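Geometric and topological summary
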Amino acid sequence: MKKTILILAIALGAINLYAQDSTFMYYFSDELESVTYYMPSSDLIIANSAKTEGAKIGFHLTYEGEFSFLTATLIGLGNCNEKDKMIILFEDGSKITLTSWNKFNCDGDAYFNLNDKQKEKLSTLPVKTIRVTNGHSYESITSSEGYNKRYFIQAFYSIDNKLFTLFNND
């Protein structure tokens, strides 16, 4: 449990370095494998006030830099995952409800596909509240503050316009 809390604290600290006010996409090329990897500059972190439970939401991109699906890592929300749910309420009052498609696992991983209408909402509307629920234990986290409300808008803008920044690990 201490290890989980430490991991969450480190992740939250890293996000705070970016102040969660701007999200963009990195890329880096692996010359040995002749492949290019794409990733967001930060993940969207939602957590309780004690920072002992939460979810890290991000993007999975193809080797061509195209959006593939949303990812979530649940921390402190049950031991195993399947059929997890994510509800995103937008500032205009509309919402989308997603159900994870990946197999049962005890790694905290959840993957969510988006249809065109859901992607359009995430690309254009600021988020008001996010809830992530473990479909196995039914433990959940709901948050309306402490994260970039335009995270998805900025990320999809970067992806859709091929605005990728070279990742420099120096």
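Overview of the structure. (Residues numbered from 1 in each chain as written. Predicted model: local features only at pLDDT ≥ 70, side-chain atom pairs only at ≥ 80, totals over all residues. Heavy atoms only, no water.)

**Considerations on unusual backbone geometry**
Here is the rule we go by: For the purposes of this entry, the term helix denotes a DSSP run of H or I that reaches at least four residues, the term strand denotes a run of E that reaches at least two, and both are numbered from the N terminus. For each residue, the accessible area found with a 1.4 Å probe, counting protein chains only, is set against the maximum for its type, and the residue is called buried under 20%, exposed over 50%, and partly exposed in between.
Residues other than glycine seldom take positive phi values, yet Ser34 does so here, at roughly 55°. Within the element layout of this structure, Ser34 appears in the loop between strand E1 (25–30) and strand E2 (35–40). Despite not being glycine, Lys162 has its phi angle at roughly 55°, a positive value. Tracing the backbone shows Lys162 in the loop between helix H3 (151–160) and strand E11 (164–166). Accessibility expressed as a relative area gives 40% for Lys162, which makes it partly exposed.

**Brief notes about the sheet that holds strand E6 (residues 85–90)**
As a reminder, the rule being used: Only strands joined by at least two bridges in the DSSP assignment are considered to pair. Here an angle of 0 to 180 degrees is reported between the N-to-C directions of two axes, which are lines fitted to C-alpha atoms, with helices fitted over the stretch in contact. Contact criterion: two residues are considered in contact whenever any of their non-hydrogen atoms come within 4.5 Å of each other.
With antiparallel pairing, four strands are arranged side by side in an open sheet as E7-E6-E9-E10. Single-partner strands in this sheet number two, and they are strand E7 (95–99) and strand E10 (140–143). In this sheet, neighbouring strand axes are inclined to one another by 10° on average, regardless of whether the strands run parallel or antiparallel. The sheet contact formed by E6 and strand E9 (residues 127–133) spans six bridges and is antiparallel. Across the sheet, residue Leu89 finds its bridge partner in E9, namely Thr129. With respect to the sheet, helix H2 (residues 116–124) is in contact with E6 and E7, its orientation differing from that of E7 by roughly 125°.

**Description of the packing of aromatic side chains**
Our working rule: Pairing of aromatic rings covers Phe, Tyr and Trp, the last counted by its six-membered ring, and requires centre-to-centre distances within 6.5 Å; plane angles under 30 degrees mean stacked, over 60 mean edge-to-face, and any other angle means tilted.
All chains considered together, the criterion is met by 16 aromatic pairs. Between Phe67 and Phe156 the ring centres are 5.0 Å apart and the planes differ by 65°, which places this aromatic pair in the edge-to-face class. One end of the pair, Phe67, is in strand E5 (residues 67–75); the other, Phe156, is in helix H3, and 89 residues separate them in sequence. The same class applies to Phe67 and to Phe156, which are both buried.

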